[in-house]
Amino acid sequence: MYCLQSINRTGPEDFYASRQKEEESLDLIQAGFEFGVKLNKHFSLQTGLNYIQYTDKRTYENTALYSVIDSNFLISKILKADGSMQDIYGVAEIPYVREINETSYNRYRHMELPVILSWEYNLKSNFAIRAGAGISLGLISSRSGSISDNNNSQISLSQAPYKSQGQVAGLLRLEWMYTKPGWSAGIVLQGRSDLINQLKANAGYDERRSAYGFGLAYRIHL
């Protein structure tokens, strides 16, 4: 499944102002398997295991000022009476300016357990529509990349105060399926939105993501 995603950060803006400036949310990719049981003619309950990856683009720009001590720097030139020049060397502090422009990608990976209640209606010509709603529970997560903290220092994303598990997202689905005896296949539209903060309390602000997209599904009927 492929989705476009967005980020909503709330709280004291000083804690995440640099992140808002540097980071751009891109997309979400989801893959996994699910199984379900029919509750009656129209309703079914599904669960399974899904892999989720969010990707953000980060553009980091900074001007670094620093100096280097040169013990043999040409300080001055002396013009002698005979017309010759004498070079005077000594210790000097040489200032430098370094421009930093970097583009990188941050990735947030999750293994999740979805629980979805679906309603299904069979149409003519072997087609069926299915609408579902539920939640997805974060089991384990990892991250790669880097961010700027509230002191504008670069830190590894793996060291940032994100929760490693326990995330909860709400799910909405709409499916258009072609069905045959023993199997079905079709298109899935899905929206998801975080229901709780992705960050730990010591981060000082909230971060929640939403994503909307589509994918393909194939089911085996047992």
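Structural data are supplied above this passage.
First things first, this report covers the structure right here in the doc. Please read all numbers here as calculations on a predicted model, not as lab measurements.

## Remarks on the pattern of salt bridges
- Here the structure, examined in full by the defined rule, presents 13 salt bridges.
- Here Glu207 ties to Arg19 by a salt bridge, and the two come within 3.5 Å at their closest N and O atoms. Remark: Arg19 occurs in helix α1 (residues 17–22) and Glu207 occurs in strand β10 (residues 206–220); sequence separation between them is 188 residues. The pair formed by Glu207 and Arg19 is uniform in burial state, with each residue classed as buried.
- A salt bridge links Glu112 to Arg192; the shortest N-O distance between them is 2.9 Å. Of this pair, Glu112 sits in strand β4 (residues 85–122) while Arg192 sits in strand β9 (residues 183–194), and the two are 80 residues apart along the sequence. No difference in accessibility class separates Glu112 from Arg192, as the two residues are buried.
- Linked by salt bridges that have partners in common, Arg9, Arg19, Glu23, Asp56, Glu207 and Arg209 make up one network.

## Some details on the nonpolar core
- Membership of the largest hydrophobic core comes to 14 residues, with the highest contact counts inside it found for Leu28, Leu157 and Tyr162.
- Once residues lying within four places of it in the same chain are set aside, the contact partners of Leu28 are Met1, Tyr2, Cys3, Gln5, Ile52, Gln53, Tyr54, Arg192 and Ala211.

## Considerations on the side chain of Glu23
- Secondary-structure assignment places Glu23 in strand β2 (residues 23–38).
- The class of Glu23 is buried, set by a relative accessible area of 11%.
- One polar contact links Glu23 to Arg9, side chain to side chain, over a distance of 3.2 Å.
- At 2.8 Å, the side chain of Glu23 forms a polar contact with the side chain of Arg19.
- Sequence-distant contacts of Glu23, defined by excluding residues within four places in its chain, comprise Arg9, Asp56, Lys57, Arg58, Asn106, Tyr108 and Ile147.

What counts and how
Residues numbered from 1 in each chain as written. Predicted model: local features only at pLDDT ≥ 70, side-chain atom pairs only at ≥ 80, totals over all residues. Heavy atoms only, no water. Salt bridge = Lys/Arg side-chain N within 4 Å of Asp/Glu carboxyl O. Helix = DSSP H or I, 4+ residues; strand = E, 2+ residues; numbered from the N terminus. Buried < 20%, exposed > 50% of the residue type's maximum accessible area, 1.4 Å probe, protein only. Core = buried A, V, L, I, M, F, W, Y, C linked by side-chain atoms within 4.5 Å. Contact = heavy atoms within 4.5 Å. Polar contact = N/O pair within 3.5 Å; in protein donor to acceptor, adjacent residues only side chain to side chain.

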